[in-house]
Amino acid sequence: MTENRGILHTVPVALGKRSYDIVIGDGLLESLGAHVTPVIRQKRVTIITDENVAALHLEAARKALENAGIRVDDVILPAGEATKSYSQLGALLDTLLALGVERKDTLLALGGGVIGDITGFAAAVLRRGIDFIQVPTSLLAQVDSSVGGKTGINTSFGKNLIGAFYQPRRVIIDIKLLATLPRRELLAGYAEVVKYGLIDNPAFFSWLEENGTAVTDGDAHAQAYAVAESCKAKARIVAEDEFEAGKRALLNLGHTFGHALEAECGYDGTLLHGEGVAIGMMMALELSMRMGLANPADLARASGHLEAVGLKTKAAHIGRELDADKLLSHMAQDKKVDAGEIVFILGPIGGAATRKGIDLDLVRQVLHSSIKG
Ligand code: NAD
């Protein structure tokens, strides 16, 4: 079994001593042992997954690791955002201690962003830090949450407010796993792919305009390319600004708006994270246009593409009664607020920049117009 088996793209994340590779391929789960072995300190791995992914992919992952002589335990958590909680984190840490997981063992997150975020945080605090590997199974996790070391859980005060920057030892991305992902989840993840084009890569945005439906319809080569370009974009930004002192904030394009919509919808499945991001990116573009930072053609291209793949582009499409002032107050709670000011990511396609001191009346108008549809 060679280490390179099935790898189509390798994307390095350059973070000095904490550097690691993202390996991307079609069918990597089958040779998981070969991709894990070079980065583990002893041959013991605990897989953390959720019940949906466990039913589909846990056995294959376990077998692949055992075939490489690795001892495997697993912990199966409930699926869904509610798992990123104090109570689930506490139970997970206790289970890991009861299993006798040691400092030199490795946790392996097999799942979407929920599993990646809670596993990474558990790894950061268990015995003051043990190694972990990301094996993201949702498109959102493959292009975003598994890369860059943000880990954490939610609280009643908001999402992701408790956590740590803690980098994985490797990210192993198997495009084949996307075949079992529900289409709605795939599209939600695709919004984050579009985000990278909008931030600073207009050529990638053009490629997506041409090839986006191949990505969302399951073409493995198009998916691998889109995932690799997204990971490169994220790796580049994270390498420049690991702890979000500046440039990393660009990755939040559309997120302050999107998080407000998610919070208002109550995380009950009405609006998935990526769906909120798609609408939020359109709000950011509309605000940019009203401020003279983008032109109507940017808006038309972005909404045209998001709609072409089947994503919602306006708050009116959510099917909930929404209130602009309530959304604004959620935005003021966002953890990206800096010295009391909401930070916005604004600009034309491929030219996003961080801005503060924005006229909130203008923001209210943008919210109103998206709610009205
Ligand atoms: P998720 O983990 O809840 O996965 C979505 C759903 O898809 C779940 O029901 C899951 O069981 C299912 N699923 C996952 N992979 C599957 C597969 N291959 N086949 C069938 N079903 C599968 O949600 P998500 O969208 O992956 O991630 C959202 C989370 O990521 C949020 O909590 C968000 O805050 C977090 N996030 C973190 C970062 C970061 O940098 N750490 C970035 C973006 C988002």
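Please read all numbers here as calculations on a predicted model, not as lab measurements.

Looking at the site of the ligand
Working step 1: Taken together, 26 residues lie near the ligand, and D50, G113, T137, S138 and T180 sit nearest.
Working step 2: One of the side-chain nitrogen or oxygen atoms of D50 is found 2.7 Å away from an oxygen atom of the ligand.
Working step 3: Take N160: an N or O atom from its side chain is 3.3 Å from an oxygen atom of the ligand.
Working step 4: If you list the elements that add at least two residues to the shell around the ligand, you get helix 2 (51-67), helix 4 (113-125), helix 5 (139-145) and strand 8 (158-165).
Working step 5: Split by residue class, the shell around the ligand holds eight nonpolar, nine polar and nine charged.

Thoughts on the pairing of strand 9 (residues 170-174)
Working step 1: Counted residue by residue, strand 9 has five buried out of five residues, so it is predominantly covered.
Working step 2: Every second residue of strand 9 is oriented toward a common face, with R170, I172 and D174 on one face and V171 and I173 on the other, all of them buried.
Working step 3: Relative to strand 9, strand 2 (residues 20-25) is paired through five bridges, and the arrangement is parallel. Looking at strand 9, one finds that G25 is bridged to D174.
Working step 4: In this sheet, strand 9 lies alongside strand 6 (residues 131-136) in parallel orientation, the contact comprising two bridges. Residue I133 lies in a different strand from strand 9, and its bridge partner there is R170.

A word on the packing of helix 10 (residues 273-290) against helix 13 (residues 360-372)
Working step 1: Across the interface, helix 10 lies against helix 13 with an axial gap of 10 Å and an inter-helix angle of 130°. Relative to helix 13, the element helix 10 is oriented oblique. Of the two possible hands of crossing, helix 10 and helix 13 adopt the one that is right-handed. Here helix 10 contributes I279, M283, E286, L287 and R290 to the contact with helix 13, which in turn contributes L362, V363, Q365, V366, L367, S369 and S370.
Working step 2: Broken down by class, the residue content of the contact of helix 10 with helix 13 amounts to seven nonpolar, three polar and two charged.

Definitions and limits used
- Per chain, the residues get numbers from 1 upward, laid out in the order the sequence is written.
- Per-residue local features are limited, in this predicted model, to residues with pLDDT of at least 70; the limit for side-chain atom pairs, both in listing and counting, is 80 or more; totals at the level of whole chains, interfaces and linings are taken over all residues.
- Excluded from the side-chain calculations are hydrogens and water; all other atoms, namely the structure's heavy atoms, are used.
- Nearness is defined per residue: one heavy atom within 4 Å of the molecule or strand is enough.
- Definition of a polar contact: a pair of N or O atoms within 3.5 Å, with one able to donate and the other able to accept a hydrogen when the atoms are protein atoms, and with sequence-neighbouring residues admitted only if both atoms are side-chain atoms.
- Numbering of helices and strands runs from the N terminus, with a helix taken as a DSSP run of H or I at least four residues long and a strand as a DSSP run of E at least two residues long.
- All residues other than Ala, Val, Leu, Ile, Met, Phe, Trp, Tyr, Cys, Pro, Asp, Glu, Lys and Arg, Gly among them, are scored as polar; the first ten of these are nonpolar and the last four charged.
- For the exposure calls, accessible area comes from a 1.4 Å probe over protein chains only, and a residue counts as buried if that area is under 20% of its type's maximum, exposed if over 50%, partly exposed in between.
- Here, strands pair whenever DSSP counts at least two bridges between them.
- Only C-alpha atoms enter the line fits that serve as axes; for helices the fit covers just the stretch in contact. Angles between N-to-C directions range over 0 to 180 degrees.
- The labels follow the angle: roughly parallel below 35 degrees, roughly antiparallel above 145, roughly perpendicular from 65 to 115, and oblique for the rest.
- Helix crossings get a hand from a simple test, with the near helix turned counterclockwise from the far one by less than a right angle marking a left-handed crossing and a clockwise turn marking a right-handed one.
- Contact between two residues is taken to exist if any of their heavy atoms lie within 4.5 Å; hydrogens are not considered.

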